[in-house]
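Given next are the chains, with one letter for each unit.
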Amino acid sequence: MRLAIIGTVLLGVGAEAIATGTLSFTELTALVDRVAPILLFVVAMTVVTELCSEAGVFLWTARRLRYWGRGSSLLLWLLLAVFATLSTVFLSLDTTAVLLTPVVVSVTRQAGLPVLPFALATVWLANTASLLLPISNLTNLLAQHSLGGITPGGFAGLMWAPSLAAVVVPLLFIGIVFRRDLRNRYSRIPVVRIRPDQSAGTESRPAADRVLLVCSAVVLALLLPALVSGLPVWIPASGGAVALGAVFAFLRPRVLKVSLIPWSLVLFASGLFLVMEAARHLGAPELLGQLAGQGQGFMDLVRLAAAGAAGSNVLNNLPAYLLAEPLARSPVRMAALLIGVNAGPIITPWASLATLLWHDRLKRMNVLISWKGYALFGLIVAPLTVLAAVGALAATGQ
C-alpha cells in the first residue's frame, strides 16, 4: 500500500510536469514506448513466479538441495547460494527476495541451523547476482534498450566477469564471518513435512499438487530459454503466464486473483519513470556528471560505479540508474553504471525494492534482522564488491 501511495504521488508530480510543459507529449510517447513492454514483462513474470511458488517449485527444489547437502551446513549454504543466484539471473532479484526467502528460512529451520548466514546470502545475491542477463533486473532491461537492443548473449558477454566477481565477494565475506555456523551438521531427515503449495506448513494433497508441480516445472523449463532467445521478453513471459493461468483455472481456480498482478509496483515504477524523465530534462544528469566523470579508464569506471552505488543507497537503485543513464554513453560505461546500481545497493534498507521485500518476508516469519548490523556489513561488502566487479570489467578488456 505504501508503494502504491508513493507511486500515485509520483504520477501526480509527473502529470504536473506534463501540464507545465517540462515534459512534452512527444517525449511522453517515447517514454511509454520504451517502458510499457518492460512493465508488461514484470507483470507477466510476477504472475509466473507466484504461480510456480504456489505449485511448490521453489520449495521442492530447496528440499532437494537440503537432501543433497548431506548434513553439511556449508554444502547446504553453497547449494542454496547457487539456487539464489540462478533464481536472480533467470527470474529477477525481486523473485528471489519474495519467493525464495521464506523457502530458505523454512529449510534452514527444519535443519536446525542458524538462519542469518542463509538469509543474508539470499538478499545480497538477489542484488549482486542481477548483473548477467537483461531479465535479471529492471535496470538491465532499461540498459538493454539504451544499448540499442543488445541481445541477451551480447549482454552476458559484456557482464559475465563483473557478475562473477559480484557473486563471489559477498559469499567470501559471509563464509569468513559466519565460518563457525557453517561448520555445523544437520540431520537429513526433515523435522516436519511441508506442503508444496505453501512456503511452510503441513501435509501435501497428492494428486492435484503433483500435476501442478509438474506443469509449472515444464512451463518454467520452456520459458527460461525463450527469455534469452532474443525475442522481446514480454512475449514468452506473457505466454508462460497465460499457460500457467489455464492450468490453475482448471486445478486450483481460487488462486487466480487480481492480487497476483503487482499493482503497487506498476504504479510506483510508472510514476518514477515519469518523474525521472522530467528530472533529466531539467538537467539533473549534468550535475551528477561532475561526480561520475566521463572517461573509460579504470578510475573513471570506478567513479561512475561509485556514483551509481551512492545514489542507490541514498535514493533507490532505479532513480539512481535513470539519473545517471545519460552519462553512460558506451557499453563499458553502461556496464560500470549497472555494477553500481545493481551490486552497490546493499547498505540502506531502501536501496533496492528487493531488500525491503526480503525484510518483509523475514518479519512475517519472525526472523529479526537489525538494520544497523545490516548497514555495517553492507558498508564493508558493497565497496569491495563494486571495486572487484569494476576490476573484472576492466581486466576482461571490454
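First things first, this report covers the structure right here in the doc. (Residues numbered from 1 in each chain as written. Predicted model: local features only at pLDDT ≥ 70, side-chain atom pairs only at ≥ 80, totals over all residues. Heavy atoms only, no water.)

**Details of helix α1 (residues 2–19)**
In this model, α1 (18 residues) spans 26 Å end to end at C-alpha, consistent with the 26 Å of a helix rising 1.5 Å per residue. Every buried residue of α1 is listed here: Ala-4, Gly-7, Leu-10, Gly-14 and Ala-17. Relative to the axis of α1, the buried residues are bounded by an arc of 130 degrees and lie together on one face. Of the residues in α1, the exposed ones pointing more than 90 degrees away from the buried face are Arg-2, Val-9, Glu-16 and Ala-19. Residues of α1 that are buried in the fold lie against α11 (263–281). One or two residues past the end of α1 sits Gly-21, with phi positive at roughly 85 degrees. (Helix = DSSP H or I, 4+ residues; strand = E, 2+ residues; numbered from the N terminus. Expected span 1.5 Å × (residues − 1). Buried < 20%, exposed > 50% of the residue type's maximum accessible area, 1.4 Å probe, protein only. Arc of directions from axis to C-beta. Contact = heavy atoms within 4.5 Å.)

**Examining unusual backbone geometry**
Of note in the backbone geometry, Arg-70 takes a positive phi value of approximately 55 degrees without being a glycine. Take Arg-70: it is sitting in the loop between α3 (57–68) and α4 (73–91). With a phi angle near 95 degrees, Ser-92 is a residue other than glycine that sits in the positive phi range. By the secondary structure assignment, Ser-92 is in the loop between α4 and α5 (93–110).

**What about the packing of helix α2 (residues 25–55) against helix α10 (residues 234–251)?**
Here α2 crosses α10 at 35 degrees, and the two axes come no closer than 8 Å. Viewed along their axes, α2 and α10 form a crossing whose handedness is left-handed. Contact residues: Pro-37, Leu-40, Phe-41, Ala-44, Met-45, Val-47, Val-48, Leu-51, Cys-52, Glu-54 and Ala-55 in α2; Trp-234, Ala-237, Ser-238, Gly-240, Ala-241, Leu-244, Gly-245 and Phe-248 in α10. Across the contact of α2 with α10, the residue classes tally to 15 nonpolar, 3 polar and 1 charged. (Axes fitted to C-alpha atoms, helices over the stretch in contact; angles between N-to-C directions. Left-handed = near helix turned anticlockwise from the far one by under 90°. Nonpolar A, V, L, I, M, F, W, Y, C, P; charged D, E, K, R; others polar.)

**Quick look at helix α6 (residues 116–128)**
Taking 1.5 Å per residue as the helical rise, α6 with its 13 residues ought to reach 18 Å, and the 18 Å between its terminal C-alpha atoms agrees with that figure. Taken across its 13 residues, α6 has 12 buried, putting it largely inside the fold. Looking only at α6, the buried set comprises Pro-117, Phe-118, Ala-119, Leu-120, Ala-121, Thr-122, Val-123, Trp-124, Leu-125, Ala-126, Asn-127 and Thr-128. On its buried face, α6 is in contact with α4, α5, α8 (152–177), α15 (331–343), α16 (353–364) and α17 (371–395).

**Section: the pattern of salt bridges**
This structure, assessed with the given rule, holds 5 salt bridges. Of the charged contacts, one joins Arg-34 and Glu-325 as a salt bridge, the two residues approaching to 2.4 Å between their closest N and O atoms. You can see Arg-34 sitting in helix α2 and its partner Glu-325 sitting in the loop between α14 (317–324) and α15, a full 291 residues away along the chain. Asp-360 is the salt-bridge partner of Arg-364, the closest N and O atoms lying 3.1 Å from each other. Taken together, the residues span about one helical turn, with Arg-364 and Asp-360 both in helix α16 at a distance of 4 residues. A relative accessible area of 59% means that Arg-364 is categorised as exposed. (Salt bridge = Lys/Arg side-chain N within 4 Å of Asp/Glu carboxyl O.)

Function cannot be inferred from these measures alone, as they are strictly geometric.
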